[in-house]
Structure formats: structure tokens, C-alpha cells
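Structural overview for review
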Amino acid sequence: MILVRGSGGGTDLTGTVFERGEEPPAYKGAPDEDAPYVWVCDSFYEVESGGSPLVVDGEEIRVAFEEPMPRGFDTRDQAVEAAREHVRTQFARIGVDPDAVEVEVTAADPA
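Given the structure is predicted, the values throughout are model-derived calculations rather than measurements.

**A look at the nonpolar core**
Ranked by internal contacts, the top residues of the largest apolar core, which has 22 residues, are Val 4, Val 17, Trp 39, Val 87, Phe 91 and Ile 94. Those elements that place two or more of their residues in this core are strand 1 (2–8), strand 2 (11–18), strand 3 (37–40), strand 6 (59–66) and helix 1 (76–93). For Phe 91, the residues in contact, after removing those within four places along its chain, are Gly 6, Ser 7, Gly 8, Thr 11, Asp 12, Leu 13, Val 96 and Val 101.

Here it is as C-alpha cells:
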């Protein structure tokens, strides 16, 4: 398991790349479930009302979450690059400059 964590605007987002031999969570209708590398992470966007509160750059906004959609990849590098891009895109969707997002990639402890 590879964790990909983005930090920006005073908040964080972490997703997971499941590697060969690990079974990613299954979601109805998810594509590429049998791929060697599967990226799973929340997607969200800012809303005017409803949603969940989130503090970004010291101000509270409201965000709505989309159902996580696993994405499959043939190589580790493809999966990690897509994960980095996904994390930066989520921050951009809530007004954080994607170039200012710090992305950390770490192997998860298989405890």
C-alpha cells in the first residue's frame, strides 16, 4: 500500500494506491478493479450550502463528497503520478493553488 497525502490551505487529503497482491475496496460499478495498481481517494468540491464544513486558509467553507472511484493502472509510476494529480486537483476545486500543495508519497506500514 502506498499512501499519497496532499497538504495545502491548512488541510490534508490522503488516498491509497493498492499494489499487486493487495485487495482494494470494491465499489459498485468501479472500473479497473483487477488492475495491478489501484488508486482510491475521495473527490470533493465546494458548495454554497449543505455538505460538510472544512477550514481552508483559516476560513470555513462547505464541501460535498463524491463516491470514491477506484482507478486502475499498469505500473506503479502511472498510479503514483495519477494520485499526485488527483490530490492537487481536489485542492484546486476548493480554491487552493495546486502548485502550493505539498504531496508526500509513503509506503504504508503493513501492520
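What follows continues from the structure just given.
**Re the environment of Val 87**
Within the fold, Val 87 resides in helix 1. Judged by its relative accessible area of 0%, Val 87 is buried. Residues within four places of Val 87 in sequence aside, it is in contact with Val 4, Gly 6, Leu 13, Trp 39, Val 101 and Val 103.

**Brief notes about helix 1**
For helix 1, which comprises 18 residues, the first-to-last C-alpha distance of 26 Å matches the rise-based estimate of 26 Å (1.5 Å per residue) to within 8%. Turning to helix 1, the residues buried within the fold contact strand 1, strand 2, strand 3, strand 4 (43–47), strand 7 (71–73) and strand 8 (102–107). Count one or two residues on from helix 1 and you reach Gly 95, which has phi positive near 90°.

**Regarding the sheet that holds strand 4**
Adjacent strands of a sheet form backbone hydrogen bonds with each other and so pair up, either parallel or antiparallel. With antiparallel pairing, three strands are arranged side by side in an open sheet as 4-6-5. Looking along the sheet, the strands with just one partner apiece sit at the ends: strand 4 and strand 5 (52–56). Across this sheet, the average inter-strand angle for adjacent strands is 50°, counted without regard to direction. As paired elements, strand 5 and strand 6 share five bridges and run antiparallel to each other. In the sheet register, Pro 53 faces strand 6, and the bridge partner there is Arg 62. Its contacts with the sheet put helix 1 on strand 4 and strand 6, and the angle it makes with strand 4 is roughly 10°.

Calculation rules
- Residues numbered from 1 in each chain as written.
- Predicted model: local features only at pLDDT ≥ 70, side-chain atom pairs only at ≥ 80, totals over all residues.
- Heavy atoms only, no water.
- Core = buried A, V, L, I, M, F, W, Y, C linked by side-chain atoms within 4.5 Å.
- Buried < 20%, exposed > 50% of the residue type's maximum accessible area, 1.4 Å probe, protein only.
- Helix = DSSP H or I, 4+ residues; strand = E, 2+ residues; numbered from the N terminus.
- Contact = heavy atoms within 4.5 Å.
- Expected span 1.5 Å × (residues − 1).
- Pairing = 2+ DSSP bridges.
- Axes fitted to C-alpha atoms, helices over the stretch in contact; angles between N-to-C directions.

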